[in-house]
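Residue-level structural notes
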Amino acid sequence: DFYRVLQPMARGNIIQGLFNTQDDNLHRAMKKPIAAMYSMSSMVEFEPYIDTTIDFFLKRLEEVQKKDSRNSCDLGAWLQWYAFDVMGEVTFSKRLGFLDEAKDVDGIIAIIWKHFQFCSVVGQMPWLDYVWAKNKFVNRMLPAKMHPVIAFALARARERKQKPSSLEGKNVANVQNSRNFMSRFIEIQAKDPSIPESFVTAWAYSNVLAGSDTTAIMLRSIIYFLIRNPSSLRKLTAELTQARSEGRLSNIVTWAESRRLDYLDACVKEAGRLHPAIGLPMERVVPEGGAEICGKHFKAGTVVGMNPWVIHRNKEIFGSDVYEWNPDRWLGDETRRREMERCLLTFGMGHRTCIGKNLSYIEIYKLIPTLFARYDMELADPTKEWHLANSWLVVQTGLDVKLRPKRIL
Ligand code: HEM
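The following refers to the structure shown.

Thresholds applied
- Residues numbered from 1 in each chain as written.
- Predicted model: local features only at pLDDT ≥ 70, side-chain atom pairs only at ≥ 80, totals over all residues.
- Heavy atoms only, no water.
- Donors = N, O, S within 2.8 Å, 3.2 Å for Na, K, Ca; no water.
- Helix = DSSP H or I, 4+ residues; strand = E, 2+ residues; numbered from the N terminus.
- Phe/Tyr/Trp six-rings, centres within 6.5 Å; stacked < 30°, edge-to-face > 60°.
- Buried < 20%, exposed > 50% of the residue type's maximum accessible area, 1.4 Å probe, protein only.
- Near = heavy atom within 4 Å.
- Polar contact = N/O pair within 3.5 Å; in protein donor to acceptor, adjacent residues only side chain to side chain.
- Nonpolar A, V, L, I, M, F, W, Y, C, P; charged D, E, K, R; others polar.

1. Section: the coordination of the iron atom of the ligand
When four donors bind a metal tetrahedrally, each ideal donor-metal-donor angle is 109.5 degrees, and when six bind octahedrally, the ideal angles are 90 or 180 degrees. If you check the protein contacts of the iron atom of the ligand, you find one donor only, Cys354 (SG), at 2.3 Å. Topologically, cysteine 354 is positioned in the loop between helix H19 (334-343) and helix H20 (357-374).

2. Overview of the packing of aromatic side chains
Under the counting rule described, the total for this entry stands at 22 aromatic pairs. Taken together, a centroid distance of 5.2 Å and an interplanar angle of 10° make the contact between phenylalanine 225 and tryptophan 325 stacked. Taken together, the positions of phenylalanine 225 in helix H13 (residues 213-228) and tryptophan 325 in the loop between helix H18 (315-318) and H19 put the pair 100 residues apart, joining distant regions of the chain. Here phenylalanine 225 and tryptophan 325 have matching classes, each one buried. Look at phenylalanine 347 and tyrosine 361: their rings are 5.3 Å apart centre to centre, the planes differ by 80°, and that puts the pair in the edge-to-face class. Of the two residues, phenylalanine 347 is situated in the loop between H19 and H20 and tyrosine 361 in helix H20; the sequence distance between them amounts to 14 residues. Grouping residues by exposure puts phenylalanine 347 and tyrosine 361 together as buried. By the ring-pair criterion, three or more aromatic residues cluster together here, those being Tyr38, Phe46, Tyr49, Phe181, Phe185, Phe199 and Trp203.

3. Focus: the site of the ligand
Surrounding the ligand, one finds 28 residues, the nearest of these being Tyr3, His27, Arg284, Arg352 and Cys354. One nitrogen or oxygen atom from the main chain of leucine 18 is found 3.3 Å from an oxygen atom belonging to the ligand. Arginine 352 places a polar side-chain atom, nitrogen or oxygen, 2.8 Å from an oxygen atom of the ligand. For the shell around the ligand, the class distribution of residues is 15 nonpolar, ten polar and three charged.

4. Side note on unusual backbone geometry
Backbone geometry follows two general trends: most residues other than glycine have a negative phi, and most peptide bonds adopt the trans configuration. Even without being a glycine, cysteine 294 presents a positive backbone phi close to 50°. By the element assignment, cysteine 294 lies in the loop between strand S5 (291-293) and strand S6 (296-298). The residue tryptophan 392 is not glycine, and still its phi comes out positive at about 75°. For tryptophan 392, the location among the structural elements is in the loop between strand S9 (387-391) and strand S10 (393-397).

The following block contains the structure:
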């Protein structure tokens, strides 16, 4: 019942999305129309949107650097603002304003975090959710409040519909001016009236909610582990230097360029292994007929689950140094690498696997080399550890970093 607890209440109604619905039919109905949109070939069309945000992110970092005499900043917060603004750009062609304002706009990040803090505890005692959060009587007494991301998504959907180049009916094929997620969602819904209009908001809402914090967590991990492991950072720097000297590294690294950076690829996988975004079991319910798991029989209805933090520290799969940062484990023997990839739960597994993996990869594989090619980075206070809090998402705070522009790479 963990996923039911994750479903928010709005105006006395439970809001189900792709990420949290337990209803397989609804999941299928929500996923089928948009699944192809998230393929890698389709996602690379979003690269210009991501470039715009990276460009703005770099400008804002520079401004902050100039103001701070120690050249340091809370990079963890900036990465989160970047991740949220990318999702705004690709979903609505509009930054959500985090980088502009250098703050948590409308308290969106805090609201999401509070929700996860609640769900991670109540999710272990789901009956509490019935009497408390999903209690219709209590809910009716509360002032009607809309989640700021839902409000933002609804406003953008209304704007799109009011434009003269209406996306409804037969005009759909003519509208190619703006190809963000929202216009694609509206186009899909307009073509097939059996799809409820509410899906458009739910799809857009899922993008921002499921794709922002998770991407920020991964970006922070990659940067933190590289700074903490100088020999590894030297390897990445050498790879970037070589790429630049051969003319295959743009100022904002392209997705195509990053695909040729093997050590970068190994670092991204290793960060996903050592610090996966989800730190509690991803629960599943044993179907009719029961299931045999690890030699034990579980009867139908039993809740089982796997925690990526546990699986990723299995020595038989990942080697004896599972607690260490070692990107080289991904660069060795091909058969071993395949086996490790098969067991990697960074993006989940099976038919509920992450739909946005390709998009987050583009965001990550572009930003990380761009930053490390541009800056020398060190922790503002190497004696201070960052702080981790596990409320299903394992969020890091306190990644204060000194950034010094590199002269030549
Ligand atoms: C590094 C970034 C990301 C990580 C680590 C991540 C991780 C995950 C994981 C572990 C799941 C499975 C959860 C479960 O089984 O309960 C998942 C599902 C999902 N993710 Fe992501 N995600 C990331 C980025 C994104 C992005 C960018 C988007 C949207 C564009 C997104 C949208 C979704 C959705 C909609 C689901 C539910 C899919 C379904 O049930 O069919 N994610 N993600």
